[in-house]
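Close look at the chain arrangement
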Amino acid sequence: MRIIQVFGPKPLMFHPFSFMVTLIIRRRCVILLPAIHSPIVLCLLAVSAQIKIAYEHSIKKQATEEQMWAAGGLMRDVCLPKFPKITKEIADGIRAGTLPNDKDAKCYVNCILEMMQTMKKGKFLYEASLKQVDILMPDDYKDEYKAGLAACKDAAVGVKNNCEAAGTIFTCLRGQITRFVFP
């Protein structure tokens, strides 16, 4: 059995035959889930990470930077395989704020932004983005992110292509936020 530490003290165990996933909750409860090697499983893990962060946020009232990066890493793991032309090096460059003028790069960004519930079908979801900032970002990031979101909320209005719209929003946010974070 292989143990993968996804977040906090709650590891996931992948059984050797890869047909079951064991999720240990509070070191007491064990849940067996079917494991399917597909983006759907990774997507569920990303959503689980967001739920866990939201739960901890309700208790602690703030996410830690480690939790923020863990959730982002899971989103990246879902979107990266969908765009084989996007290498880890290109994804690292995007993480650093350099978006190539390339359809695949912009579609990769769109995938991440849709998982973050910041975009849907080429439309920027301003209110949902504000909620995500409150849930996923540590307190010292929130004010700048909220101001950046407000400045960029209309940046992609009129852009028809979903990937182009995501690229436009990404570029705007990168220009507005000095401590820019992207998976």
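Our subject is the structure that appears above.
Quick look at the structure, then.

**Details of the pattern of salt bridges**
- Evaluation of the coordinates by the stated rule reveals six salt bridges.
- Between arginine 76 and aspartate 92 there is a salt bridge, with the nearest N and O atoms lying 2.7 Å from each other. Placement of the pair is arginine 76 in helix 2 (residues 65-79) and aspartate 92 in helix 3 (residues 88-95), with a sequence separation of 16 residues.
- Overall, the relative accessible area of 8% leaves arginine 76 in the buried class.
- Of the residues examined, aspartate 92 reaches a relative accessible area of 37% and is grouped as partly exposed.

**Considering the packing of aromatic side chains**
- As enumerated under the stated definition, the model contains four aromatic pairs in all.
- Note on tyrosine 141 and tyrosine 145: the rings are 6.5 Å apart at their centroids and 50° apart in plane angle, and the pair reads as tilted. Here the residue tyrosine 141 and the residue tyrosine 145 both occupy positions in helix 6 (residues 139-152), the gap between them amounting to four residues, near one helical turn.
- Residue classification places tyrosine 145 among the buried residues on the basis of a relative accessible area of 8%.
- Ring plane angle 85° and centroid distance 5.1 Å describe the contact between phenylalanine 170 and phenylalanine 182, whose orientation is recorded as edge-to-face. Taken together, the residues phenylalanine 170 in helix 7 (residues 162-176) and phenylalanine 182 in the segment after helix 7 connect sequence positions 12 residues apart.
- The buried category is assigned to phenylalanine 170, whose relative accessible area is 2%.

**A word on the state of the cysteines**
- Enumeration according to the criterion identifies three disulfides in this entry.
- Paired through a disulfide, cysteine 79 and cysteine 111 show a sulfur-sulfur distance of 2.0 Å. The sign of the -80° torsion about the S-S bond sets the cysteine 79-cysteine 111 disulfide as left-handed. Note that cysteine 79 is positioned in helix 2 and cysteine 111 in helix 4 (residues 103-115), a separation of 32 residues in sequence. Like cysteine 79, the residue cysteine 111 is buried in the burial classification.
- Shown here is the disulfide that connects cysteine 107 with cysteine 163, its sulfur atoms set 1.9 Å apart. Judged by the sign of its S-S torsion, about 100°, the bond between cysteine 107 and cysteine 163 is right-handed.

The rules behind the values
- All chains use their own residue numbering, which begins from 1 and follows the written sequence.
- Local features in a predicted model are, by the rule used here, given only for residues with pLDDT of at least 70; side-chain atom pairs are given and counted only at 80 or more, and totals for whole chains, interfaces and linings are based on all residues.
- Hydrogens and waters are ignored; side-chain quantities use all the structure's heavy atoms.
- Salt bridge, as used here: a side-chain nitrogen of Lys or Arg that lies within 4 Å of a carboxyl oxygen of Asp or Glu.
- Numbered from the N terminus, helices here are DSSP runs of H or I no shorter than four residues, and strands are runs of E no shorter than two.
- Accessible area is worked out with a 1.4 Å probe on protein chains only. A residue is then buried under 20% of its type maximum, exposed over 50%, and partly exposed in between.
- The rule is short: rings of Phe, Tyr and Trp, with Trp giving its six-membered ring, pair when the centres are within 6.5 Å, and they are stacked under 30 degrees, edge-to-face over 60, tilted in between.
- Disulfides are defined as pairs of cysteine sulfur atoms found within 2.5 Å of each other.

Purely geometric stuff here, so don't read any function into it on its own.
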